[in-house]
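What follows is the residue order along each chain.
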2 protein chains.
Amino acid sequence: MSGRLAVVGLGPGDPRYLTPEAGETLAGVDALYGYGPYLDRVPARAGQSRHPSDNREEGARAIAALRHAALGANVAVVSGGDPGVFAMAAAICEQIETGPDAWRALDVVFVPGITAMLAVASKIGAPLGHDFCALSLSDNLKPWPLVERRLDAAASAGFVLALYNPVSRARPWQLGNAIERLRRQLPDTTPVVFGRAVGRTDEQVSVTPLGQAAATSADMATLVIVGTRETRVIARPGRSPLVYTPRATAEVSV
Amino acid sequence: MSGRLAVVGLGPGDPRYLTPEAGETLAGVDALYGYGPYLDRVPARAGQSRHPSDNREEGARAIAALRHAALGANVAVVSGGDPGVFAMAAAICEQIETGPDAWRALDVVFVPGITAMLAVASKIGAPLGHDFCALSLSDNLKPWPLVERRLDAAASAGFVLALYNPVSRARPWQLGNAIERLRRQLPDTTPVVFGRAVGRTDEQVSVTPLGQAAATSADMATLVIVGTRETRVIARPGRSPLVYTPRATAEVSV
């Protein structure tokens, strides 16, 4: 018995973001687990079984993949973006910690991918060019007051903010609340980047001042980047603007 | 005249991290600019000129590459990791904003890469599995009191911390100071991951409790990840430990 579990990042929705390491790993496995739309991005190969599941079923998916690997199979669990950022890597570790001893004996590898904030940033310049935070706006796994506390702490200390999971059908008000909250800390002119479906044919990336930013600009496929007081927008004749946060700052208190 | 400038992320030091998009972009340019050791990772091609420069010369390198592209050439500037994270993308934007009008008319693209914190995290589990911050410990471009303020803000609000540029010959004391500072906010048992030269043959990744973490464990090629109160270490018989930060937390104040 020499089962192996690989937790693989596909990057955003364009195969040109898939690393060779991820591609080789996926080509070599017996079974693939993941959220259906992510699995659909992996080319079908003879002899590989495919086990799609729903978005909200991370725990059950992790257990099924670990059980399969513990039978001696070579198994991959896929995530969009990077598996270590609000995705399957932590879900797998949670199950390994609390599961049977055999799961701790498994060969488990994690294969990184381009996470959404890097892809969105690349489409508009360098908004993450200075210190930044990645924060999930989902309050499924943490209380909303903690999200608010983190928004305040990050914005007041001058971190750029990358907001993951800004909105979903079950969480319609969180992004609007976050924008209102950030307006207390940051000037209305602070650039906010909405990046939707980056790497897909329906990709949309835009920049709006915080004072005019609307939660309705985001959906489940959107990553939002909120700049700092120092984030700049460069207008370019005949081209889309560039947004960047300078590397240098002299700011000590904000 | 239709010059083009691509700012390209190579990922960590293993070609298996280089995305197809980055590889194709590098193969198609007339000229390559970058820090010497990064340029050395790009295969030589006939007809391409190579312009290595020193680590500290980001501004001059950006200007040289923009001038070259403005002559009508297809130019790439390379960064290790991701160019948008403490690297060349912001340096290029800074020069575009303050430079001649012609630079704002250029076709400029940014090609993301696997940044160091994702690669280091992947080698040990999922330490970035919850909200996290990326913070450069270099005080070349910001005052040290601001770094301290951000360390306090991030740790006290329960963010995992990824520390870039922890130490260099010219900055020997900053990491030690940061570790001392974090000990005031976090328990001595908090897991600290030192990831050195990930993707290279001399790769080393280890975990140490904050109370025993020593700045001497890091050098210029190291990325340090400091967990939260909730970050876990899973001991595994016959295997290296896994480190992860659970997706869920009930913590509101810390």
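Scoring rules and cut-offs
Residues numbered from 1 in each chain as written. Chains lettered and ligands numbered in written order. Predicted model: local features only at pLDDT ≥ 70, side-chain atom pairs only at ≥ 80, totals over all residues. Heavy atoms only, no water. Buried < 20%, exposed > 50% of the residue type's maximum accessible area, 1.4 Å probe, protein only. Helix = DSSP H or I, 4+ residues; strand = E, 2+ residues; numbered from the N terminus. Pairing = 2+ DSSP bridges. Contact = heavy atoms within 4.5 Å. Buried area = accessible area lost by both parts, 1.4 Å probe. Salt bridge = Lys/Arg side-chain N within 4 Å of Asp/Glu carboxyl O. Polar contact = N/O pair within 3.5 Å; in protein donor to acceptor, adjacent residues only side chain to side chain. Nonpolar A, V, L, I, M, F, W, Y, C, P; charged D, E, K, R; others polar. Domains from an automatic or database assignment.

Moving on, we come to the pairing of strand β9 (residues 191–196) of chain A. Residues and elements named next belong to chain A. Of all 6 residues in β9, 6 are buried, a share of seventy percent or more. Sheet topology note: the β9/strand β10 (residues 204–209) ladder contains 6 bridges and is antiparallel. Following the sheet pairing, R196 is matched in β10 by Q204. Where β9 meets strand β11 (residues 222–226), 5 bridges bridge the pair, whose relative direction is antiparallel. Residue pairing in the sheet places F194 in a bridge with V224 of β11.

Once that is clear, we can look at the interface of chain A and chain B. How big an interface is tends to be stated in terms of the accessible area lost upon association of its parts. Across the boundary between the two partners, chain A contributes 76 residues, which contact 76 residues of chain B. Considering only the surface of chain A that becomes buried against chain B, A:R16, A:R150 and A:R247 emerge as the three largest contributors, covering 12% of it. Put simply, chain A and chain B have 15 salt bridges between them. For A:K142, the salt bridge identified is with B:D131, shortest N-O distance 2.6 Å. Run the count over chain A and chain B and you get 32 residue pairs in polar contact (both at pLDDT 80 or more). Tallied by class, residues from the side of chain A that touches chain B come to 44 nonpolar, 14 polar and 18 charged.

All names here are of chain A. Assigned domains within chain A: domain 1 (4–114) and domain 2 (117–244). Of note, the centres of domain 1 and domain 2, computed from C-alpha atoms alone, are 28 Å apart. The interface is formed by 9 residues belonging to domain 1 together with 14 residues belonging to domain 2. Both faces considered, domain 1 and domain 2 share a buried interface measuring about 790 Å² in area, 62% of it formed by carbon and sulfur atoms. Taken as a group, Y17, R56 and F86 account for 53% of the area that domain 1 buries against domain 2, more than any other trio of residues on that side. Along the contact surface separating domain 1 from domain 2 lie 0 salt bridges. Inspection of the domain 1/domain 2 interface yields 0 residue pairs in polar contact (both at pLDDT 80 or more).

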